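As a plain string of letters, each chain reads:
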Amino acid sequence: MTKTNAGRFFEDYAVGDVISHAVPRTISGGERAMYHALYPARGALYSSDEFARASGLPASPVDDLITFHTVFGKTVPDVSLNAVANLGYADGRWVLPVYPGDTLTSESEVIGVKQNSNGKSGVVWVRTTGRNQHGAAVLRYVRWVMVRKRGEGGAPETVVPELAKTVAPSDLVVPTGLNFEAYNFNLAGEPHRLGDYQVGEIIDHVDGVTVEEAEHMLATRLWQNTAKVHFDATNRADGQRLIYGGHLISLARALSFNGLANAQMIVALNGGAHVNPCFAGNTVRAWSEVLDVAETDAPGVGAIRLRLVATKGACGELRGEDGKYLADVLLDLDYWALMPI
């Protein structure tokens, strides 16, 4: 009997399965320092305890995407170790801020399965919940991933879940105590508040970053992402290691600081797709489209819904005349963030 884990294949998933993922992780200031070393992240709320206290929080929480990557990474050995690619996200909600000293665990429920027409792989949908040491949920999201089959045999009965297209503004969770009435725009880095943005506006974030193999490998190890397509160059026919999708999300989010410095906290993930593969040597740029704005009950706090696009191409270019994504587009992410009114 083997003692090693070869990972689950498509045939091993059934709707209703609940998977408790191994290896709890206690978050420290080290994660923040490494995150800010990997990405040009400069959000004031996640950089300064004093800025966070002036905004009504007890201290600076860790970046929202540190929470996402940590919770996500726990799921990889059970969900996507044998993945072909991570395909998309929906119905994501940040429920509680995470602070250094918090310990995070993850649990996933299988909510959908569908074999691909080639008979060699299938798509698995899971709803993942990250919890802190008190058992309180800090993050929930749905993702779907293409997973290899073990053989040519049968497959589980197809179930495709119905997912909400967006998280309603009324369902956004604003951290307790958050208050932007005395918000310091000078320290935040830009003067633009919620009322300065118009629905339909396109923001070119100007800067580009060339992805290096070393950065990508460091990121996957940091978040304990063990998917073979990111580590093992023999796992793909082209001999290339696929850049971890979370690496692209954080890179694009950090680039969006130039033009969206005051979009301080991600509170919901409406949807997202890793559209085309990214490899070391690609130069990634980012642009955003304002999709909606909303009020919240917190003093001075509004919400802005943004489409964030990571691309190798030009600002504003997303789909061709046939409605399909252009070849240069790498990521299309739809999220809500909190911003001063």
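Our structure is the block above this text.
Okay, so let's go over this structure.

1. Comments concerning the nonpolar core
Item 1. Within the largest apolar cluster, 56 residues are counted, with the highest numbers of intra-cluster contacts made by Tyr39, Phe68, Trp223, Val284, Ile304, Leu333 and Tyr335.
Item 2. In this structure Ile304 touches Leu194, Tyr197, Val290, Asp292, Val293, Tyr335, Trp336, Ala337 and Met339, once residues within four positions along its chain are discounted.
Item 3. Counting 24 residues, the second largest nonpolar core, distinct from the first, contains Ala59, Val167, Val301 and Ala303.

2. Digging into the environment of Ala227
Item 1. Turning to its location among the elements, Ala227 is positioned in the loop between α5 (213–222) and α6 (228–231).
Item 2. Each residue touching Ala227, except ones within four places of it in the same chain, is listed here: Val76, Ser80 and Leu81.

3. Concerning the pattern of salt bridges
Item 1. For the coordinates displayed, the defined rule picks out 12 salt bridges.
Item 2. One salt bridge connects Asp171 with Arg93, and the closest N-O pair in it is separated by 4.0 Å. Of this pair, Asp171 sits in the loop between β6 (137–148) and α4 (185–188) while Arg93 sits in strand β3 (residues 83–94); the two residues are 78 residues apart in sequence, bridging distant segments of the chain.
Item 3. The exposure class of Arg93 is partly exposed, given its relative accessible area of 26%.

4. Side note on the pairing of strand β4 (residues 103–115)
Item 1. Bridge analysis of strand β1 (residues 18–20) against β4 gives three bridges, and the strand direction is antiparallel. Bridging from a neighbouring strand, Ile19 pairs with Ser108 of β4.
Item 2. Pairing of strand β2 (residues 25–26) with β4 involves two bridges; the strand directions are antiparallel. Its bridge partner lying in β4, Thr26 is registered against Thr103.
Item 3. As paired elements, β4 and strand β5 (residues 121–131) share 10 bridges and run antiparallel to each other. Each bridged residue has a counterpart across the sheet, and for Lys114 the counterpart in β5 is Val123.
Item 4. Between β4 and β5, which pair antiparallel and follow one another directly, the connecting turn spans five residues, one of which, Gly119, has a positive phi of 70°.

5. Some remarks on the packing of aromatic side chains
Item 1. A full pass over the atoms with the stated rule returns 10 aromatic pairs.
Item 2. For the ring pair Tyr35 and Tyr39, a centre distance of 4.9 Å and an interplane angle of 55° mean the geometry is tilted. In terms of burial, Tyr35 and Tyr39 fall into one category: buried.
Item 3. Among the aromatic residues, ring-to-ring pairing joins Phe68, Phe72, Tyr89, Trp94, Tyr141 and Tyr244 into one connected group.
Item 4. Above the ring of Tyr325, the side-chain terminus of Arg319 is found at 4.0 Å from the ring centroid.

6. Comments concerning the side chain of His230
Item 1. Looking at the element boundaries, His230 is found in helix α6.
Item 2. Apart from residues lying up to four places away in sequence, His230 is in contact with His216, Met217, Thr220, Asn225, Arg241, Leu242, Ile243 and Tyr244.

7. Considering unusual backbone geometry
Negative phi characterises most residues that are not glycine, and trans characterises most peptide bonds.
Item 1. A positive phi angle, near 65°, is found at Val23, a position not held by glycine.
Item 2. Structurally, the position occupied by Val23 is in the loop between β1 and β2.

8. Some remarks on helix α7 (residues 245–255)
Item 1. The buried count for α7 comes to 11 of 11 residues, which makes it a mostly enclosed element.
Item 2. Those residues of α7 not exposed but buried are Gly245, Gly246, His247, Leu248, Ile249, Ser250, Leu251, Ala252, Arg253, Ala254 and Leu255.

Cut-offs and rules
Residues numbered from 1 in each chain as written. Predicted model: local features only at pLDDT ≥ 70, side-chain atom pairs only at ≥ 80, totals over all residues. Heavy atoms only, no water. Core = buried A, V, L, I, M, F, W, Y, C linked by side-chain atoms within 4.5 Å. Buried < 20%, exposed > 50% of the residue type's maximum accessible area, 1.4 Å probe, protein only. Contact = heavy atoms within 4.5 Å. Helix = DSSP H or I, 4+ residues; strand = E, 2+ residues; numbered from the N terminus. Salt bridge = Lys/Arg side-chain N within 4 Å of Asp/Glu carboxyl O. Pairing = 2+ DSSP bridges. Phe/Tyr/Trp six-rings, centres within 6.5 Å; stacked < 30°, edge-to-face > 60°. Lys NZ or Arg CZ within 6 Å of the ring centre and 35° of its normal.

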